[in-house]
Amino acid sequence: MRIELSTRPGDPGRPNEDFVSVALPAGGRGGALVLLDGVTPPPAGKSGCAHGVPWFTARLGGALLELASSRREMTLADCLSAAISRTAEAHRDRCDLTHRLTPQATVVVARWDAEVVEHLVLSDSALLIEGVDGTVSAVLDDRIARLAAAGRVTDAQRNAEGGFFTAAADPAVSARAVTGTTARGDVRALAALTDGAARWVEVFRQGRWADCFALLAKEGPQALIDRVREAELADPHGHAFRRGKPHDDAAALYAEL
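All residue numbers refer to positions counted from 1 along the written sequence of the respective chain. Given that the model is predicted, a residue must reach a pLDDT of at least 70 before its local features are reported, and side-chain atom pairs must reach 80 or more before they are shown or counted; all residues, however, enter totals for whole chains, interfaces and linings. Side-chain measures were taken over the full set of non-hydrogen atoms in the model, leaving aside hydrogen atoms and water.

**Student:** Account for the overall build of the protein chain, with residues named and values stated.
**Tutor:** Numbered from the N terminus, helices here are DSSP runs of H or I no shorter than four residues, and strands are runs of E no shorter than two. Across its full length, the protein chain holds six helices and 10 strands. Its C-alpha atoms give the protein chain a radius of gyration of 17 Å, within 12% of the compact-globule value 18 Å for 257 residues. Areas reported here follow the Shrake-Rupley algorithm with a probe of radius 1.4 Å; residue values treat only the protein chains shown as occluding. Summed over all atoms, the accessible surface of the protein chain reaches about 11700 Å², with 50% contributed by carbon and sulfur. Think of it this way: Lys and Arg go in the positive column, Asp and Glu in the negative one, and His and the chain ends go nowhere. For this purpose, a charge sits on NZ of Lys, CZ of Arg, CG of Asp or CD of Glu. Put simply, the protein chain has 29 plus and 34 minus side-chain charges, and the middle of one group is 3 Å from the middle of the other. Here the globule rule is a power law, 2.2 Å times the number of residues to the power 0.38, and the radius of gyration is based on C-alpha atoms.

Rendered as structure tokens:
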């Protein structure tokens, strides 16, 4: 088994709001990975939270990894619901969890054992699955992409019917996630990317998902993030490649099963 992961803040002067981790439970028969992309609030915006996004992603990511790796009788959606509830209880008494900009995150979680590979994706981070025949499939929650194609994406569409969904304070959001299973014998490797790392494909068009997976397999996650930074620096004002911010936190994980 080979597992590599890397993350890098978009701005060295600000905390990294991404979370990425992997667990290999005792027994040597499986594992779980979790990747979160914390949603940065507007510069002048209030979130109703005294803690902030990095605190939230650390608490949610840690809870989700523990549940996914130790509670195999629970579905990944149930694990996400429980992790959201646990995190909400940790700051409900001090923070306004009803605020639309309460700390929140995109989610990728995958879990595998000798029989099956399970996955869950919520919002615009990506999971890539490589089959034993070398084909690469992208598991995406494309709600934001569809909204963007139709017009401007607004905060009013966040966690709202007809809009898009993130993990915030409502455990019921797990029912909105893209979920599925694949036979373990059909999977050779997995990769997970926050949208800051997925820019290599989605913004800068340096290759397709299969090319991105090949880069991860050959050179590792840090090489992918370095390529993204090079592309960002070559277009610092976003004239050639439009994007919400010049640089974004980026995290990537590659796991050969």
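**Student:** Give me the side chain of Thr87: which residues, what numbers.
**Tutor:** With respect to the secondary-structure elements, Thr87 resides in helix α2 (residues 76-91). Here, residues are in contact when the closest pair of their heavy atoms is within 4.5 Å. Beyond its immediate sequence surroundings of up to four residues, Thr87 is in contact with Trp55, Phe56, Arg59 and Leu60.

**Student:** Outline the environment of Ala145, listing residues and values.
**Tutor:** Along the chain, the position of Ala145 falls in helix α3 (residues 143-150). The exposure class assigned to Ala145 is exposed, which follows from its relative accessible area of 52%. Each residue gets one of three labels from its accessible area relative to the maximum for its type: buried under 20%, exposed over 50%, partly exposed in between, using a 1.4 Å probe on protein chains only.

**Student:** Go over the nonpolar core with me, naming the residues and quoting the values.
**Tutor:** Grouping buried Ala, Val, Leu, Ile, Met, Phe, Trp, Tyr and Cys residues that are joined through side-chain atoms within 4.5 Å yields what is termed a nonpolar core. Judged by nonpolar contacts, the single largest core of 27 residues is most densely connected at Leu64, Leu80, Val107, Val109 and Leu122. Those elements giving two or more residues to this core turn out to be β2 (18-23), β3 (31-38), α1 (53-70), α2, β4 (105-112) and β5 (116-122). Examining the composition of this core, we find that seven residues originate from one element, α1, more than from any other. Apart from the residues within four sequence positions on either side, Val109 is in contact with Leu33, Val34, Leu64, Ala68, Leu76, Glu118, His119 and Leu120.

**Student:** Could you give me a rundown of the packing of aromatic side chains, with the residues and numbers involved?
**Tutor:** The aromatic pairing rule takes the rings of Phe, Tyr and Trp, using the six-membered ring of Trp, and pairs them if the centres are within 6.5 Å, calling planes under 30 degrees apart stacked, those over 60 edge-to-face and the rest tilted. If you walk through the whole model with that rule in mind, you get two aromatic pairs. The interplanar angle of 70° and the centroid separation of 5.2 Å between the aromatic rings of Phe204 and Phe241 together place this pair among those described as edge-to-face. Within this pair, whereas Phe204 is found in the loop between α4 (195-202) and α5 (209-219), its partner Phe241 is found in the loop between α6 (221-234) and β10 (250-256), the two being separated by 37 residues in sequence. With relative accessibility at 29%, the residue Phe241 sits in the partly exposed group. Centroid distance Phe213 to Tyr254: 5.6 Å. Interplanar angle 65°. Geometry classified as edge-to-face. With a gap of 41 residues between them, Phe213 in helix α5 and Tyr254 in strand β10 connect regions that are remote in the sequence.

**Student:** Describe α4, listing the residues and the values that go with them.
**Tutor:** Counted residue by residue, α4 has six buried out of eight residues, so it is predominantly covered. Of the residues making up α4, those classed as buried are Gly196, Ala197, Ala198, Arg199, Trp200 and Val201. Contacts from the buried residues of α4 go to β9 (187-193), α5, α6 and β10.

**Student:** If you had to explain the sheet that holds β5 to someone new, which residues and values would you point to?
**Tutor:** Strands belonging to one sheet form pairs held by backbone hydrogen bonds; the direction of such a pair is parallel or antiparallel. A pair of strands is treated as paired once DSSP finds two or more bridges between them. Strands sit in the order β2-β3-β4-β5-β8 across an open sheet of five strands; the sheet is antiparallel. Looking along the sheet, the strands with just one partner apiece sit at the ends: β2 and β8 (178-183). Neighbour to neighbour, the strand axes of the sheet diverge by 10° on average, direction disregarded. Throughout, an axis means a line fitted to C-alpha atoms (over the contacting stretch in the case of helices), and angles, computed between N-to-C directions, take values from 0 to 180 degrees.

**Student:** Give me the lowdown on the sheet that holds β9, citing residues and values where you can.
**Tutor:** Strand order across the open sheet formed by five strands is β1-β10-β9-β6-β7, with antiparallel pairing between neighbours. At either margin of the open sheet sits one strand with a lone partner, and together these are β1 (2-8) and β7 (136-140). On average, each strand axis in the sheet is tilted by 15° relative to the strand beside it, whichever way the strands run. On top of the sheet, α4 reaches β9 and β10; it is set at about 80° to β10, its chief contact. Together, β1, β9 and β10 form the strand contacts of α6, whose direction differs from that of β1 by roughly 30°.

**Student:** Describe in detail the packing of α5 against α6, supporting the description with residues and values.
**Tutor:** Closest axis-to-axis distance for the α5/α6 pair is 7 Å, and the angle between their directions is 125°. The angle between α5 and α6 falls in the class oblique. On α6, the residues that touch Cys212, Leu215, Leu216 and Glu219 of α5 are Pro221, Ala223, Leu224 and Arg227. By residue class, the composition of the contact of α5 with α6 is six nonpolar, no polar and two charged. In what follows, roughly perpendicular refers to angles from 65 to 115 degrees, roughly parallel to angles under 35, roughly antiparallel to angles over 145, and oblique to any angle outside these ranges. Residues were grouped as follows: Ala, Val, Leu, Ile, Met, Phe, Trp, Tyr, Cys and Pro as nonpolar; Asp, Glu, Lys and Arg as charged; and all remaining residues, including Gly, as polar.

**Student:** Describe the pairing of β10, with residues and values.
**Tutor:** Counting buried positions along β10 yields six of seven residues, so the element is predominantly enclosed. By the bridge criterion, five bridges tie β9 to β10 in an arrangement that is antiparallel. Bridged to Leu190 within β10 is Ala255.

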